[in-house]
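If you want the building blocks of each chain, they are given just below.
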Amino acid sequence: MNNIHPLAVVDPEAKIGDGNVIGPFCVIDKNVVIGDNNKFLNNVTIHYGARIGNGNEFFPGASISTKPQDLKFQGEDTTCEIGDNNSIRENVTISRGTASKGKTVVGNGNLLMENMHIGHDCEIGNGCIIGNSTKFAGEVIVDDYAIISATCLFHQFLHVGGYIMFQGGTRTSQDIPPYVIAGKEPVRYAGVNLIGLRRRGFPNEVIEAIHDAYRIIYAKGILKDGVAEARAKYPNCKEVEYICSFIENSKRGVIR
């Protein structure tokens, strides 16, 4: 059974599971699907096209599945998909997709802090922490367990690797490869995220392989030469392969 406050507005076409709490002055639009055991505090707006899983908590002022801030958007039927067990704090805005990908996706177990924005067609992985007032333009991909500090700016079409630590107040128009610390102005590689990797249970030998791989890659003037050497040295290390594949597939280039 759902607990819906009498001052909430829920469209009769919305599909809502069980055990949800919908607070006062919340608005749930049509063409919305909500799972079980979610909590919507006061003044949360869930717009057309939202698909929400289970066990999420939405704080006051959150606005989910908003119309994309993209002049090419022509009203196509798109979605914003939120997974399970996310904490979406005050005034977070998440746009739905456009014809480009058709959906914006946020995975499971993420903490999205106050006033941050996720643009259209972004893909946010699992276990990420994204700080206050950080902004993602359209079609940014963030891999699992990335930690991104407050007031950061990300150019459209970027790829952010997993297990990174991104310094507060930093902006980037290049991809951030996995396992690194990135910061300063202009943004650059500032070492391997050793503390983060240890907290996530990475063995010392794997951390050392990651560190050595970056030493090899960044020592080369041409990145593809460093990638080939690192891959040859660590042919059976999936973490090094992730690094190498990430750099090879980068469309905007990676930070140095």
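Residues numbered from 1 in each chain as written. Predicted model: local features only at pLDDT ≥ 70, side-chain atom pairs only at ≥ 80, totals over all residues. Heavy atoms only, no water.

## What about the overall build of the chain?
From N to C terminus, the chain includes four helices and 28 strands. Against the compact-globule benchmark of 18 Å for 256 residues, the chain has a radius of gyration of 20 Å, which places it among compact chains. Seen through its principal axes, the chain has C-alpha atoms that stretch 65 × 40 × 30 Å. Within the chain, buried positions represent 47% of all 256 residues. Residue pairs at least 24 apart in sequence account for 28% of intrachain contacts in the chain once pairs closer than 6 positions are excluded. Roughly 11,800 Å² of accessible area belongs to the chain as shown, and the carbon and sulfur atoms make up 52% of that amount. For the chain, the centre of its 26 positive side-chain charges and the centre of its 28 negative side-chain charges are spaced 6 Å apart. (Helix = DSSP H or I, 4+ residues; strand = E, 2+ residues; numbered from the N terminus. Rg over C-alpha atoms; globule rule 2.2 N^0.38 Å. Buried < 20%, exposed > 50% of the residue type's maximum accessible area, 1.4 Å probe, protein only. Contact = heavy atoms within 4.5 Å. Areas by Shrake-Rupley, 256 points an atom, 1.4 Å probe, with all protein chains shown as cover. Lys, Arg positive; Asp, Glu negative; His and termini not counted. Charge placed at Lys NZ, Arg CZ, Asp CG, Glu CD.)

## Considering the sheet that holds strand β26 (residues 171-172)
Within the open sheet, the nine strands sit side by side as β2-β5-β8-β11-β14-β17-β20-β23-β26. Their pairing is parallel. Of all strands in the sheet, those bounded by a partner on one side alone are β2 (9-10) and β26. Sheet topology places β2 next to strand β5 (residues 27-28); two bridges connect them, and they run parallel. Paired with Val 9 across the bridge in β5 is Val 27. (Pairing = 2+ DSSP bridges.)

## Section: the environment of Gly 125
Within the fold, Gly 125 resides in the loop between β18 (123-124) and β19 (129-130). Between the C-alpha atom of Gly 125 and that of Gly 161, which follows or precedes it by 36 residues, the distance is 10.0 Å. With near-sequence residues (within four places) excluded, Gly 125 lies in contact with Gly 107, Asn 108, Asn 110, Val 142, Asp 143 and Asp 144.

## Looking at the side chain of Glu 139
As for its placement among the helices and strands, Glu 139 is situated in the loop between β20 (135-136) and β21 (141-142). No salt bridge is formed by the buried Glu 139. Its closest oppositely charged neighbour is Lys 101, at 4.5 Å. Apart from residues lying up to four places away in sequence, Glu 139 is in contact with Ser 100, Lys 101, His 120, Asp 121, Cys 122, Phe 157 and Leu 158. (Salt bridge = Lys/Arg side-chain N within 4 Å of Asp/Glu carboxyl O.)

## Considering the packing of aromatic side chains
Across all of its chains, the model carries 11 aromatic pairs by this definition. Judged by centre distance (4.8 Å) and plane angle (25°), the ring pair of Phe 136 and Phe 154 falls under stacked. Placement of Phe 136 in strand β20 and of Phe 154 in strand β23 (residues 153-154) is noted, with a sequence separation of 18 residues between them. Here Phe 136 and Phe 154 have matching classes, each one buried. Put simply, the rings of Tyr 145, Tyr 163, Tyr 179, Phe 202 and Tyr 242 pair up and form one aromatic cluster. Here the basic side chain of Arg 89 rests over the ring of Phe 59, its NZ or CZ set 3.8 Å away from the ring centre. (Phe/Tyr/Trp six-rings, centres within 6.5 Å; stacked < 30°, edge-to-face > 60°. Lys NZ or Arg CZ within 6 Å of the ring centre and 35° of its normal.)

## Describing the sheet that holds β21
Strand order in the open sheet made by the eight strands is β3-β6-β9-β12-β15-β18-β21-β24, with parallel pairing throughout. The open sheet terminates on both sides in strands that have one partner only, identified here as β3 (15-16) and β24 (159-160). Looking at chain direction, strand β15 (residues 103-106) and β18 are connected through two bridges and run parallel. Bridge pairing in β18 links Val 105 to Glu 123.

## Digging into the nonpolar core
General note: in soluble globular proteins, nonpolar side chains tend to be found buried as a group. Judged by nonpolar contacts, the single largest core of 68 residues is most densely connected at Ile 94 and Phe 136. Elements that contribute at least two residues to this core include exactly β9 (50-52), β12 (79-82), β27 (180-183), α2 (204-219), α3 (223-233) and α4 (238-248). With nine residues, the top contributor of residues to this core is α2. Discounting chain neighbours no more than four positions away, the residues touching Phe 136 are Met 116, His 117, Ile 118, Gly 119, Cys 122, Ile 130, Val 142, Ile 148 and Phe 154. (Core = buried A, V, L, I, M, F, W, Y, C linked by side-chain atoms within 4.5 Å.)

## With respect to the state of the cysteines
Under the counting rule described, the total for this entry stands at zero disulfides. The thiol of Cys 237 is not disulfide-bonded; the next cysteine sulfur, from Cys 244, is found 9.3 Å away. Assessed through its relative accessible area of 13%, Cys 237 is described here as buried. (Disulfide = S-S within 2.5 Å.)

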